[in-house]
Amino acid sequence: MISKEATIDFNNTRFVLLNNGDENIISLDQAHRFKQEGIKLTANAKDAIEEADEQAWYDHYVGRVEDGAWENT
């Protein structure tokens, strides 16, 4: 069970759920879900989620143009 005092942190390349003294590695999707449920995020975790979302947007929209998906043939 996740306590209301739980926190999500980001260490190097991983999101970590800090809950009742335990540290559990979680995915980006889990970090998003826990954030929506009101679990606190450290500044590092907030920055990492923002950067991941920006990269996903870039990859989806801009990357397609750079890969030639929008070229006229």
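Just so you know, these numbers come straight off a predicted model, no measurement behind them.

A. Representation of the environment of Ala-52. Position of Ala-52 among the secondary structure elements: in helix 2 (residues 43-66). Put simply, Ala-52 and Leu-28 are 24 residues apart on the chain and 8.2 Å apart in space, counted from C-alpha to C-alpha.

B. Focus on unusual backbone geometry. With a phi angle near 60°, Asn-12 is a residue other than glycine that sits in the positive phi range. Within the element layout of this structure, Asn-12 appears in the loop between strand 1 (7-11) and strand 2 (14-19). Using a relative accessible area of 74% as the deciding quantity, one classes Asn-12 as exposed. One non-glycine residue, Asn-20, lies in positive phi territory at about 50°. Structurally, Asn-20 can be placed in the loop between strand 2 and strand 3 (22-26).

C. Quick peek at a negative patch on the surface. Taken together, the side chains of Asp-47, Glu-50, Glu-51, Asp-53 and Glu-54 define an acidic patch exposed on the protein surface. Take Glu-51: it is sitting in helix 2. Residue class for Glu-51 comes out exposed when judged on its relative accessible area of 54%.

D. Broad picture of the pairing of strand 2. Summarising the sheet, strand 1 and strand 2 pair through 5 bridges and their orientation is antiparallel. Residue pairing in the sheet places Asp-9 in a bridge with Val-16 of strand 2. Here strand 1 folds back onto strand 2, and the loop between the two strands holds 2 residues, one of which, Asn-12, carries a positive phi near 60°. In the sheet, strand 2 pairs with strand 3 via 5 bridges, with the strands oriented antiparallel. Bridge assignment links Asn-19 to a residue of strand 3, and that residue is Asp-22.

E. Main features of the sheet that holds strand 2. As summarised here, the arrangement of the 4 strands in space is 3-2-1-4, forming an open sheet in which the pairing is mixed. Each edge of the sheet is formed by a strand with only one pairing partner; in this case those strands are strand 3 and strand 4 (40-41). Taken strand by strand, helix 1 (residues 28-36) contacts strand 1, strand 2, strand 3 and strand 4, and its axis lies near 115° from that of strand 3.

The rules behind the values
Residues numbered from 1 in each chain as written. Predicted model: local features only at pLDDT ≥ 70, side-chain atom pairs only at ≥ 80, totals over all residues. Heavy atoms only, no water. Helix = DSSP H or I, 4+ residues; strand = E, 2+ residues; numbered from the N terminus. Buried < 20%, exposed > 50% of the residue type's maximum accessible area, 1.4 Å probe, protein only. Patch = residues over 30% accessible without salt bridge, like charges linked within 9 Å, V, L, I, M, F, W, Y side chains within 5 Å. Areas by Shrake-Rupley, 256 points an atom, 1.4 Å probe, with all protein chains shown as cover. Salt bridge = Lys/Arg side-chain N within 4 Å of Asp/Glu carboxyl O. Lys, Arg positive; Asp, Glu negative; His and termini not counted. Charge placed at Lys NZ, Arg CZ, Asp CG, Glu CD. Pairing = 2+ DSSP bridges. Contact = heavy atoms within 4.5 Å. Axes fitted to C-alpha atoms, helices over the stretch in contact; angles between N-to-C directions.

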